[in-house]
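Spelled out from the first residue to the last, the chains are:
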Amino acid sequence: MGCALTQPQRITVLGATGSIGLSTLDVIARHPERYQAFALSGFSRLTELEALCLRHRPCFAAVPDADSARHLQGSLLAAGLETRVLVGEQGLCEIAAHPDVDAVMAAIVGAAGLQPTLAAVEAGKRVLLANKEALVMSGALFMQSVRRSNAVLLPIDSEHNAIFQCLPTDYSRGLADVGVRRILLTASGGPFRELPLERLPDVSPEQACAHPNWSMGRKISVDSASMMNKGLELIEACWLFDARPAQIEVVIHPQSVIHSLVDYVDGSVLAQLGNPDMRTPISHALAWPERIDSGVSALDLFSVARLDFQAPDEQRFPCLRLARQAAEAGASAPAMLNAANEVAVAAFLDRRIRFTEIASIIDEVLNREAVIAVETLDAVLQADVRARAVAGQWLVRHGR
Ligand code: NAD
Ligand code: MG
């Protein structure tokens, strides 16, 4: 049984069955002497979770409900595994904060990842943050908790990982102190960058999920198509790097080879480049400050041939403007933006609303709900619930 091993670092993968989770397990499997999967969570794809448990033999697995737990526990026992199956949010928090865990990959999508990710932070773990929604919702509280617990927070989002790599090791006294003028956050522009505007209301979930450069989960794929993903990333960058929204400029770069840049006062601009494969930032964060093989092929600049840049068009991508508005308002606004977006994206994926109505719903939530201070987790969760209710009212009013 793998649990007896003590040498390799023990990793909890929250959201192991997702796109980031699977890439993480791919990197872990390449370095059995360094890493061992300690706990894996899944939500709906439980047959896949079972297969992952058989392959990685974790000490724990976590599933959403007692029935699924009984079923998985039975199969794993029958296969001779000692993996213990835990249930629900409490189970997720337990595997995130377990004293034997060295690092936690936070790769659950959306608000569902907030509490388990915070549990890992509060336990002072090395936290590899893919679940940007958790940080967007609870920014100030999240970062206070990182400082209090001495957790090591490493960004997995390719842009933030790139920015982190382009900053000096210690930027804790602020960006100005290390000579940073601004951060250039790159965006591919998604599948609809050049679609005639009048066709945007009629695009399908399948078209929205067909990202030109990255293969990702459905929610983040729709966010990339609306550029809300870049909006959430703008807020994420403000918290991670203690930046003001005005210090962050979004640059459309369709090739997704430059993952972001940092512009210094002396005119130097540092960039991180690589093939668009999340195993690069995952390997970087797992091994930091060392470097390990990720399985990603070497960048071939001759086949890339050219790098293009353009300014984002806010008429085409109103979600970017809404996110900047929420970033500037602060307090509960980013949590409301995120919640409204989650409701709207789910409705779009369900074919209940048009693609362009995602922004209409978020706009209404941001403009109807007062921005209030969020100094506790309860206040964050309440802002989330209220925003979901207002977004739900929009759906009812429009007969969806
Ligand atoms: P995904 O949909 O492929 O996987 C999501 C994972 O979360 C799955 O394991 C699923 O079982 C789990 N999950 C879903 N709902 C849950 C719930 N209610 N409770 C518990 N678990 C639940 O998504 P992904 O593309 O892997 O993205 C995961 C996170 O990483 C997102 O926050 C996304 O924004 C971020 N991210 C992803 C990429 C990428 O390339 N995929 C890049 C940057 C950031
Ligand atoms: Mg990203």
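Residues numbered from 1 in each chain as written. Chains lettered and ligands numbered in written order. Predicted model: local features only at pLDDT ≥ 70, side-chain atom pairs only at ≥ 80, totals over all residues. Heavy atoms only, no water.

Caption draft 1: Representation of the nonpolar core. Counting 134 residues, the largest nonpolar core has Phe-142, Phe-241, Leu-337 and Ile-358 as its most contacted members. The leading source of residues in this core is helix H14 (residues 333–349), at 12 residues. Beyond its immediate stretch of four places on either side in the chain, Ile-358 contacts Val-222, Cys-319, Asn-341, Ala-344, Val-345, Phe-348 and Ile-353. (Core = buried A, V, L, I, M, F, W, Y, C linked by side-chain atoms within 4.5 Å. Buried < 20%, exposed > 50% of the residue type's maximum accessible area, 1.4 Å probe, protein only. Helix = DSSP H or I, 4+ residues; strand = E, 2+ residues; numbered from the N terminus. Contact = heavy atoms within 4.5 Å.)

Caption draft 2: Broad picture of the coordination of the magnesium ion (ligand 2). Surrounding the magnesium ion (ligand 2) are the protein donor atoms Asp-157 (OD), Glu-159 (OE) and Glu-233 (OE), at 2.1 Å. All donors of the magnesium ion (ligand 2) belong to a single chain; written as a sequence motif, their spacing is D-x1-E-x73-E. Separated by 76 residues along the polypeptide, Asp-157 in the loop between strand E7 (152–155) and helix H7 (158–166) and Glu-233 in helix H10 (residues 228–241) bring together distant segments of the chain. Pair check on accessibility: Asp-157 and Glu-233 agree, each one buried. (Donors = N, O, S within 2.8 Å, 3.2 Å for Na, K, Ca; no water.)

Caption draft 3: Up close: the sheet that holds strand E10 (residues 258–264). In space, the 4 strands of this open sheet follow the order E9-E8-E10-E11, with mixed pairing throughout. Since the sheet does not close on itself, it has two edges, and those belong to strand E9 (248–252) and strand E11 (269–273), each with one partner. On average, each strand axis in the sheet is inclined to that of its neighbour by 20°, with strand direction left out of account. Alignment of strand E8 (residues 180–187) against E10, held across 4 bridges, turns out to be antiparallel. Residue Ile-183 lies in a different strand from E10, and its bridge partner there is Val-262. In the packing of H7 onto the sheet, the strands contacted are E8, E10 and E11, and the crossing angle to E10 comes to about 40°. In the packing of H10 onto the sheet, the strands contacted are E8 and E9, and the crossing angle to E8 comes to about 150°. (Pairing = 2+ DSSP bridges. Axes fitted to C-alpha atoms, helices over the stretch in contact; angles between N-to-C directions.)

Caption draft 4: Structural view of the environment of Arg-30. Its location among the elements puts Arg-30 in helix H1 (residues 19–30). For Arg-30, a relative accessible area of 37% puts it in the partly exposed group. Spatially, the C-alpha atom of Arg-30 lies 27 Å from that of His-211, the residues being 181 residues apart in sequence. When neighbours within four sequence positions are excluded, Arg-30 is seen to be in contact with Arg-279, Asp-293, Ser-294 and Gly-295.

Caption draft 5: Spotlight on the domain arrangement of the chain. Under the domain assignment, the chain is made up of domain 1 (9–155) and domain 2 (156–328). Computed over C-alpha atoms, the centres of domain 1 and domain 2 are 25 Å apart. Domain 1 puts 29 residues into the contact, and the matching count from domain 2 is 30 residues. Interface of domain 1 and domain 2: buried area, both sides summed, is about 2600 Å²; carbon and sulfur atoms make up 69% of it. When the buried area of domain 1 at its contact with domain 2 is split by residue, Lys-132, Val-136 and Pro-155 rank highest and sum to 26% of it. Where domain 1 meets domain 2, there are 5 salt bridges. (Domains from an automatic or database assignment. Buried area = accessible area lost by both parts, 1.4 Å probe. Salt bridge = Lys/Arg side-chain N within 4 Å of Asp/Glu carboxyl O.)

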